[in-house]
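Below, each chain spelled out in residue letters.
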Amino acid sequence: MFAAERRQLILEMVRANGAVSLRELARVVQTSEVTVRRDVRALEAEGLLDRRHGGAVLPGGFTRESGIPQKSHLATAEKTAIADLAAGLVEEGEAIVVGAGTTTQELARRLARIPGLTVVTNSLLVAQALAHANRVEVVMTGGTLRGSNYALVGSGAEQSLQGLRVSRAFLSGSGLTAERGLSTSNMLSASVDRALVQAAAEVVVLADHTKLGSDTMFQTVPTDLITRLVTDEPPGHDDRAATELQALADQGVQIAVAGSGGGPAAAEPLPHGRQGRRDMPLPGQRRTHGGGPGTPGPQQLRSAASLTEQGQGPGDRARVADLRRR
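Only a predicted model underlies this, so the values are computations on that prediction, with no experimental measurement involved.

Basis of the calculations
- Residues numbered from 1 in each chain as written.
- Predicted model: local features only at pLDDT ≥ 70, side-chain atom pairs only at ≥ 80, totals over all residues.
- Heavy atoms only, no water.
- Pairing = 2+ DSSP bridges.
- Helix = DSSP H or I, 4+ residues; strand = E, 2+ residues; numbered from the N terminus.
- Axes fitted to C-alpha atoms, helices over the stretch in contact; angles between N-to-C directions.
- Contact = heavy atoms within 4.5 Å.
- Buried < 20%, exposed > 50% of the residue type's maximum accessible area, 1.4 Å probe, protein only.
- Salt bridge = Lys/Arg side-chain N within 4 Å of Asp/Glu carboxyl O.
- Core = buried A, V, L, I, M, F, W, Y, C linked by side-chain atoms within 4.5 Å.
- Parallel < 35°, antiparallel > 145°, perpendicular 65-115°, else oblique.
- Left-handed = near helix turned anticlockwise from the far one by under 90°.
- Nonpolar A, V, L, I, M, F, W, Y, C, P; charged D, E, K, R; others polar.
- Expected span 1.5 Å × (residues − 1).

## Thoughts on the sheet that holds strand β2 (residues 50–52)
On the basis of which strands lie adjacent, the open sheet formed by 3 strands has the order β1-β3-β2 and antiparallel pairing. Sheet topology places β1 (19–21) and β2 at the edges, where each strand pairs with a single neighbour. Shown here is a sheet whose adjacent strand axes are inclined to one another by a mean of 25°, direction ignored. Packed on one face of the sheet, helix α2 (residues 22–29) meets β1 and β3 (55–57) and runs near 75° to β1.

Next comes the structure, spelled out in structure tokens:
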């Protein structure tokens, strides 16, 4: 297939689906991801599409949001690995909130195996994944159905969350940066996500590496309210994602990285000299991250195994043991 033919087919696929992964494009046009990446760059230079880490989307991605059918084809292996790792954070008998999204849908499928949970959600897909879990109680918010992502939004959803108190909120979004935190392309979705955050003592963001460094229109969770990020390991050539991860860690976000095989490649390294877990914030309370005298400077992200190998102190060893038990 000539380059012009490949690029025309790539453009047709993106226009038909809104967003397509590089892996899927390479499969359809029967060439390597390296060649497809070069084609996508050329199409972006002509203003015909926008590049995203791991894929391509229609132009105007700052305000445009892909629907669930399009999102479900992006970074599927990464979302599965993230969901596996995130499910290990949830304990029997907890009360949690789970927001809308394809990654949180994957998480919900794993939560069905944890007894005694109470899951509050505005997502029909999350509720569906838990519908036959006999030992999990599902509480749906009210609100107006937003068909593009099968979520309940609006004042009804927000009012139903008032007075709620749970241990953790699991959220995903369209983009994540150290400067603005988690963001999404839709105002109604952002407003409900903020209400979910207000109900939780701890905020866990689920975002694959394609979201890192991307910024979209409406902020949902500022960085200083994100307790933990669960993500996958960025490819070696993805400097932007790696830089963003380090910047998030420097601001006190605990990072848990899922390996390509679904297991943790690195779990909760605290690269800014912090020992143990951070205090859980009250809803709406902003954290402070000031380090006292003698606080070590930023270090590179490390795996839990490397902490032990390098002979860290008792606090580090206890944290690594805790991570392995999870």
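## Structural notes on the environment of Leu9
Within the secondary structure, Leu9 sits in helix α1 (residues 3–17). Judged by relative accessible area, Leu9 falls into the partly exposed class, the value being 23%. Counting along the chain gives 20 residues from Leu9 to Val29, while the straight-line C-alpha distance between them is 7.4 Å. Every residue in contact with Leu9, bar those within four places of it in the chain, is listed here: Met1, Val28 and Val29.

## What to know about the pattern of salt bridges
A full pass over the atoms with the stated rule returns 11 salt bridges. Here Arg7 makes a salt bridge to Asp39, at a shortest N to O gap of 2.9 Å. Linking Arg7 in helix α1 with Asp39 in helix α3 (residues 33–45), this pair joins segments that are 32 residues apart in sequence. By relative accessible area, which is 27% here, Arg7 ends up partly exposed. Among the residues examined, Asp39 registers a relative accessible area of 0% and is labelled buried. Measuring nitrogen to oxygen at the nearest pair gives 3.2 Å for the salt bridge that ties Arg168 to Glu202. One end of the pair, Arg168, is in strand β9 (residues 166–171); the other, Glu202, is in strand β12 (residues 200–206), with 34 residues separating them in the sequence. In this structure Arg168 comes out as buried when scored by relative accessible area, which is 9%.

## Thoughts on the nonpolar core
If you look at the biggest cluster of nonpolar residues, it comprises 31 residues, and the most contacted ones within it are Leu176, Val205, Val221, Leu229, Leu248 and Ile255. When contributions to this core are tallied by element, the ones reaching two or more residues are β9, α9 (187–198), β12, α10 (239–250) and β15 (254–258). Sequence-distant contacts of Leu248, defined by excluding residues within four places in its chain, comprise Leu176, Thr177, Ala178, Leu212, Thr223, Leu229, Val253 and Ile255. Residues Ala86, Val98, Ala108 and Ile114 belong to the second largest nonpolar core, which totals 26 residues.

## Thoughts on the side chain of Gln105
Here Gln105 lies in helix α6 (residues 102–111). Judged by relative accessible area, which is 13%, Gln105 ranks as buried. When near neighbours in sequence (up to four residues on either side) are disregarded, Gln105 contacts Leu125, Val126 and Ala129.

## Observations regarding the packing of helix α5 (residues 76–87) against α6
Two measures define how a pair of helices packs: the angle their axes make with one another and the distance between the axes. Where α5 meets α6, the closest approach of the two axes is 8 Å, and the angle between their N-to-C directions is 50°. Compared by their axis directions, α5 and α6 come out oblique. Crossing angle aside, the handedness with which α5 passes α6 is right-handed. The residues of α6 that touch α5, namely those facing Lys79, Thr80, Ile82, Ala83, Asp84, Ala86 and Ala87, are Thr102, Thr103, Glu106, Leu107 and Arg110. Of the residues belonging to the contact of α5 with α6, the class tally is 5 nonpolar, 3 polar and 4 charged.

## What to know about α10
Here α10 is 12 residues long and its end C-alpha atoms lie 16 Å apart, about the 16 Å a rise of 1.5 Å per residue gives. Within the sequence span of α10, burial applies to Ala241, Glu244, Leu245, Gln246, Leu248 and Ala249. Where α10 is buried, its residues contact β10 (175–177), β14 (228–232) and β15. Once α10 ends, the next one or two residues include Gly252, with phi positive near 100°.

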